[in-house]
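Structural description and commentary
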Amino acid sequence: MAIASVASDAATEVFTPASEEEAIAAFGDGTDVVVVGGGTIVVPDLTYRRLEPKKAVLLGRSGMSGIERDGSRVTIGATTPVQALVDLPSPLGPCAANVADIEIRSQGTVGGNLCAAESPEAPRGDLQGAFLALGATARSAAGGEVTEEPLEDFLPKRGERLLLSVSFEEPAAGAYAGLDRPHTHDYTALSVSGARAADGTVRLAATGAGSHGQRLPSAEAGDADAALNDVSPHDDALASAWYRSKVLPVLVRRVLDELKESA
Amino acid sequence: MNLTVNGVSHEVGSSELTPLLDVLRLEVGVTGPKAGCHQGGCGACTVLIDGEPRRSCLLPAGYAEGTAITTVEGIGSPEDLAPIQQAFVHYYAAQCGFCTSGMMLAAQAYLDRGGSGDPEAIQHALGGHVCRCTGYSKIIDAVAAAARGDSFDLTTTAVGKHTTMSNGGAA
């Protein structure tokens, strides 16, 4: 039957893996595959035909959801809803709470958020900064091979691999500061996350200051203005590069202050 | 695929990837969920999936298989309005009405979670919904009243009177 105005998904083969192993097999080498976590980012792209993939892998029933703790190590499955993070300590909790609204957060997944493709309209991947500040490790698959690597290394190739889970050591302290959104549906225009590890190492990272989340190593010693050495903010529909450049050091200062207070 | 909408089972031919909104409106024929922006930005298409509010335009229909899907048609009837529907009538919380079904379903889920009449908590629960008539105050008043458990005599409202008059006028 004909359905007007709907993405012509007849040409798309749909896979609904029931386990992580099946998901890895369905993803294959990732050629012409679109991975659907909750669907909040990808489904509109399909509806408006910005994406017309040969294969779609729906992860909703793959069982790759959940937050596990092993001592101080926290592992979060790729299909864990963003909403499941909001009560976690800073920077993850407040960063997750700043994502869209409760309906989107409950449907959108951590993996989908981290792997969101670049958009000319807005930075996507609200959670990238928080996980980078936590020094997270990404476990991912392609061509049937599973590897673990720092999230920093994974992010540039997030379109070519299937993210399975992210893990990190619980920090001694965390902090988050972000721009309030003019509307709940917008992506995070700019935010800064910080974490101090048990050994005293401070990591800072930003979401919205580049094409994906980036570390801010120049500011980690305490000079907030130096964060601008690490990123090249750009213009998009949410904010101008000029505005982002003015606000970034402010957010960095707030995060550094919050980390100091919790020392 | 088999979908259960307002307690009725429907065999549908759409792909699991089709947004639930399109399956509901175009294949099942349930039009309470509205197609506003079709990209998750407005909340007019919100339905309840096992009691949880979800944007049906963002949800692949396959994810709704095996769940209880509730649209605005399923929470009450014209003869027996749900408390949230009564509150919307009493407070004139619908203007053009396009956002109303999504608003009411998000509110219903909020009430089912034991939500209070606190306006800030209500704003948070309805944060994903836009009313382009900008009738937010009345919507929040209505949800707060329903949360308090207020009861309403709808015969004293314009909508109640209109219903009576149009019935009388037809005779």
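Residues numbered from 1 in each chain as written. Chains lettered and ligands numbered in written order. Predicted model: local features only at pLDDT ≥ 70, side-chain atom pairs only at ≥ 80, totals over all residues. Heavy atoms only, no water.

**Section: the overall build of chain A**
Per the secondary structure count, chain A includes eight helices and 12 strands. Computed over its C-alpha atoms, the radius of gyration of chain A comes to 18 Å, within 12% of the 18 Å expected for a compact globule of 263 residues. Buried positions account for 54% of the 263 residues belonging to chain A. Look at the contacts in chain A between residues 6 or more apart in sequence, and 58% of them connect residues 24 or more apart. Carbon together with sulfur atoms contributes 49% to the accessible area of chain A, which is approximately 11000 Å² in total. (Helix = DSSP H or I, 4+ residues; strand = E, 2+ residues; numbered from the N terminus. Rg over C-alpha atoms; globule rule 2.2 N^0.38 Å. Buried < 20%, exposed > 50% of the residue type's maximum accessible area, 1.4 Å probe, protein only. Contact = heavy atoms within 4.5 Å. Areas by Shrake-Rupley, 256 points an atom, 1.4 Å probe, with all protein chains shown as cover.)

**Notes on helix α1 (residues 20-28) of chain B**
Each turn of an α-helix holds 3.6 residues, which means side chains three or four residues apart point in the same direction. All names here are of chain B. Within the span of α1, buried status applies to Leu 20, Leu 21, Asp 22, Val 23, Leu 24 and Val 28. Contacts from the buried residues of α1 go to β1 (2-5), β2 (8-11), β3 (46-49) and β5 (68-70). Just downstream of α1 lies Gly 29, where phi reads positive at about 85°.

**With respect to the sheet that holds strand β8 (residues 162-169) of chain A**
Backbone hydrogen bonds hold the strands of a sheet together, and the pairing may be parallel or antiparallel. Residues and elements named next belong to chain A. Strands sit in the order β4-β5-β8-β6-β7 across an open sheet of five strands; the sheet is antiparallel. The open sheet has two edge strands, β4 (67-70) and β7 (145-150), and neither has a second partner. Neighbour-to-neighbour, the strand axes of this sheet turn through a mean angle of 20°, independent of strand direction. Contacts from helix α1 (residues 20-27) reach β6 (137-142), β7 and β8 within the one sheet, and its direction differs from that of β8 by about 130°. (Pairing = 2+ DSSP bridges. Axes fitted to C-alpha atoms, helices over the stretch in contact; angles between N-to-C directions.)

**Focus on the side chain of B:Ser14**
Summarising the element assignment, B:Ser14 is placed in the loop between β2 and α1. Only 2.4 Å separates the side chain of B:Ser14 from the side chain of B:Glu27, close enough to count as a polar contact. (Polar contact = N/O pair within 3.5 Å; in protein donor to acceptor, adjacent residues only side chain to side chain.)

**Overview of the packing of aromatic side chains**
All names here are of chain A. Evaluated as defined, the whole model comprises two aromatic pairs over all chains. Judged by centre distance (6.1 Å) and plane angle (70°), the ring pair of Phe 131 and Phe 168 falls under edge-to-face. One end of the pair, Phe 131, is in helix α6 (residues 128-133); the other, Phe 168, is in strand β8, and 37 residues separate them in sequence. Pair check on accessibility: Phe 131 and Phe 168 agree, each one buried. Its end group placed over the ring of Phe 15, Lys 55 keeps NZ or CZ at 5.0 Å from the ring centre. (Phe/Tyr/Trp six-rings, centres within 6.5 Å; stacked < 30°, edge-to-face > 60°. Lys NZ or Arg CZ within 6 Å of the ring centre and 35° of its normal.)

**Observations regarding the domain arrangement of chain B**
All names here are of chain B. By domain assignment, chain B separates into domain 1 (2-74) and domain 2 (83-148). For domain 1 and domain 2, the distance between their C-alpha centres works out to 20 Å. Listed by partner, the interface residues are 19 residues for domain 1 and 13 residues for domain 2. Taken as a group, Thr 46, Leu 48 and Val 72 account for 37% of the area that domain 1 buries against domain 2, more than any other trio of residues on that side. Scanning the region where domain 1 abuts domain 2 turns up zero salt bridges. Between domain 1 and domain 2 we count four residue pairs in polar contact (both at pLDDT 80 or more) in total. Every element with two or more residues in the side of domain 1 that touches domain 2 is listed here: β3 and β4 (52-55). Split into classes, the residues belonging to the side of domain 1 that touches domain 2 amount to eight nonpolar, eight polar and three charged. (Domains from an automatic or database assignment. Buried area = accessible area lost by both parts, 1.4 Å probe. Salt bridge = Lys/Arg side-chain N within 4 Å of Asp/Glu carboxyl O. Nonpolar A, V, L, I, M, F, W, Y, C, P; charged D, E, K, R; others polar.)

**Quick word on the interface of chain A and chain B**
Contacts between the two partners involve 34 residues from chain A, matched on the other side by 35 residues from chain B. A combined buried area of about 2600 Å² lies between chain A and chain B, and 57% of that area is made up of carbon and sulfur atoms. On the surface where chain A and chain B come into contact, there are two salt bridges. Residues B:Arg55 and A:Glu103 are paired through a salt bridge, measuring 3.0 Å at the closest nitrogen-oxygen approach. The tally of links from chain A across to chain B stands at 13 residue pairs in polar contact (both at pLDDT 80 or more). Residue assignment for the side of chain A that touches chain B shows that the elements contributing at least two residues are α2 (42-47), β3 (55-58) and α4 (102-107) of chain A. At six residues, α4(A) tops the list of elements feeding residues into the side of chain A that touches chain B.

**Concerning the confidence of the model for chain A**
Per-chain confidence: chain A averages 93 in pLDDT, with 94% of residues scoring 70 or above. In this model residues 1-9 of chain A is a low-confidence stretch, pLDDT under 50, and it forms 18 contacts with partners more than four residues away in sequence or in other chains. (pLDDT = per-residue confidence, 0-100.)

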